[in-house]
Amino acid sequence: MSADSEVAFDLSQLGISGHAEALFAGGFHRDAIRHEAQDLLNEIRVLSGRRDLDGQNLIQAALSDRNPILAFNERETRSELNQHASLRYLLLGVTTGVRNIYSHDVRTEVLRDEAALWLALMGRLRKQIEQLEIVAATQASH
């Protein structure tokens, strides 16, 4: 392995929650992943005002292509539409492929590096979630 292929990052700089960071540092890797994935959904729930929804239904309602509650950008160009949809797809994947899997498969060991990679991804998603804006009712028909 060459120095050019090695990457190091500081979890405290990635934007993950302090609780997930503390769980990770304490060796509770699965719990750190689960907590961060759920916390991202909680953030979407609060921003969207859809406290009645969770998981896939919440993400689909909040970030739909048509009539979204929250938007990543103006969604006026193909590139903006793709960026908006990509955030939705990534969050759908985190809901199903991360939160649900790590919540149900409690016997498989979660390695430190595996947890760090998931937390890095979710830190990036958190930064994108922080950029979401509520779509005005007049724009919702966009």
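Check the entry above for the structure.
Residues numbered from 1 in each chain as written. Predicted model: local features only at pLDDT ≥ 70, side-chain atom pairs only at ≥ 80, totals over all residues. Heavy atoms only, no water.

**Q** So what about the side chain of Arg45? Which residues, and what values?
**A** With respect to the element layout, Arg45 can be found in helix α2 (residues 29–48). On the basis of relative accessible area, Arg45 is assigned to the buried category, the value being 14%. At 3.0 Å, the side chain of Arg45 and the backbone oxygen of Leu53 are in polar contact. Contact partners of Arg45, with chain neighbours within four places excluded, come to Gln38, Arg50, Arg51, Leu53, Asp54 and Leu58. (Helix = DSSP H or I, 4+ residues; strand = E, 2+ residues; numbered from the N terminus. Buried < 20%, exposed > 50% of the residue type's maximum accessible area, 1.4 Å probe, protein only. Polar contact = N/O pair within 3.5 Å; in protein donor to acceptor, adjacent residues only side chain to side chain. Contact = heavy atoms within 4.5 Å.)

**Q** I'd like a rundown of the pattern of salt bridges, residues and numbers included.
**A** Going through the model one piece at a time under the given rule, you end up with seven salt bridges. Salt-bridge contacts for Arg34 lead to Asp31; the nearest nitrogen and oxygen are separated by 3.7 Å. One end of the pair, Arg34, and the other, Asp31, are both in helix α2, three residues apart, so they sit about a helical turn from each other. Under the relative-accessibility criterion, Arg34 is labelled partly exposed at 29%. Linking Asp65 and Arg88 is a salt bridge whose minimum nitrogen-to-oxygen distance equals 3.0 Å. (Salt bridge = Lys/Arg side-chain N within 4 Å of Asp/Glu carboxyl O.)

**Q** Please give an account of the side chain of Arg126 that cites residues and values.
**A** Checked against the element boundaries, Arg126 lands in helix α5 (residues 112–129). Here Glu36 takes part through its side chain, which lies 2.8 Å from a polar atom of the side chain of Arg126. Every residue in contact with Arg126, bar those within four places of it in the chain, is listed here: Gly15, Ile16, Ser17, Glu36, Asp39, Leu40 and Glu43.

**Q** Please give an account of the nonpolar core that cites residues and values.
**A** Core analysis: the largest hydrophobic core is formed by 33 residues, its most contacted members being Ile44, Leu63, Leu91, Leu119, Met122 and Leu132. Those elements that place two or more of their residues in this core are α1 (18–25), α2, α3 (55–62), α4 (78–104) and α5. (Core = buried A, V, L, I, M, F, W, Y, C linked by side-chain atoms within 4.5 Å.)

**Q** Residue-level account of the packing of α3 against α4, with values.
**A** Between α3 and α4, the shortest axis-to-axis distance is 9 Å and the interhelical angle comes to 175°. By the angle class used here, α3 and α4 are roughly antiparallel. Residues Gly55, Gln56, Ile59 and Gln60 of α3 form the contact with α4, whose participating residues are Arg88, Leu91, Leu92, Thr95, Thr96 and Arg99. (Axes fitted to C-alpha atoms, helices over the stretch in contact; angles between N-to-C directions. Parallel < 35°, antiparallel > 145°, perpendicular 65-115°, else oblique.)

**Q** So what's going on with unusual backbone geometry? Which residues, and what values?
**A** Its identity as a non-glycine residue notwithstanding, Asn67 has a phi of 55°, on the positive side. Within the secondary structure, Asn67 sits in the loop between α3 and β1 (70–71).

**Q** Could you give me a rundown of the environment of Glu21, with the residues and numbers involved?
**A** On the secondary structure map, Glu21 appears in helix α1. In this structure the C-alpha to C-alpha distance between Glu21 and Gln56, which are 35 residues apart in sequence, comes to 25 Å.

**Q** Go over the packing of aromatic side chains, please, and point to the residues and values.
**A** Tallied over the full model, the rule gives zero aromatic pairs. Seen from the ring of Tyr89, Arg88 lies directly overhead, with NZ or CZ sitting 4.8 Å from the centre. (Phe/Tyr/Trp six-rings, centres within 6.5 Å; stacked < 30°, edge-to-face > 60°. Lys NZ or Arg CZ within 6 Å of the ring centre and 35° of its normal.)

**Q** Can you explain a nonpolar patch on the surface? Please cite residues and give values.
**A** A cluster of nonpolar side chains, Val7, Phe9 and Leu117, forms an exposed patch at the surface whose accessible area comes to about 330 Å². Note that Phe9 resides in the segment before α1. (Patch = residues over 30% accessible without salt bridge, like charges linked within 9 Å, V, L, I, M, F, W, Y side chains within 5 Å. Areas by Shrake-Rupley, 256 points an atom, 1.4 Å probe, with all protein chains shown as cover.)

**Q** Give me the lowdown on α4, citing residues and values where you can.
**A** With 27 residues, α4 extends 37 Å from end C-alpha to end C-alpha; this agrees with the ideal 39 Å at 1.5 Å per step. At Val94, α4 shows its largest kink, close to 30°. When α4 is considered as a whole, its buried residues turn out to be His84, Ala85, Leu87, Arg88, Leu91, Leu92, Val94, Thr95, Val98, Arg99 and Tyr102. Buried residues along α4 sit in contact with α2, α3, β1 and α5. (Expected span 1.5 Å × (residues − 1). Bend = angle between axes of the 7 residues up to and from the residue.)

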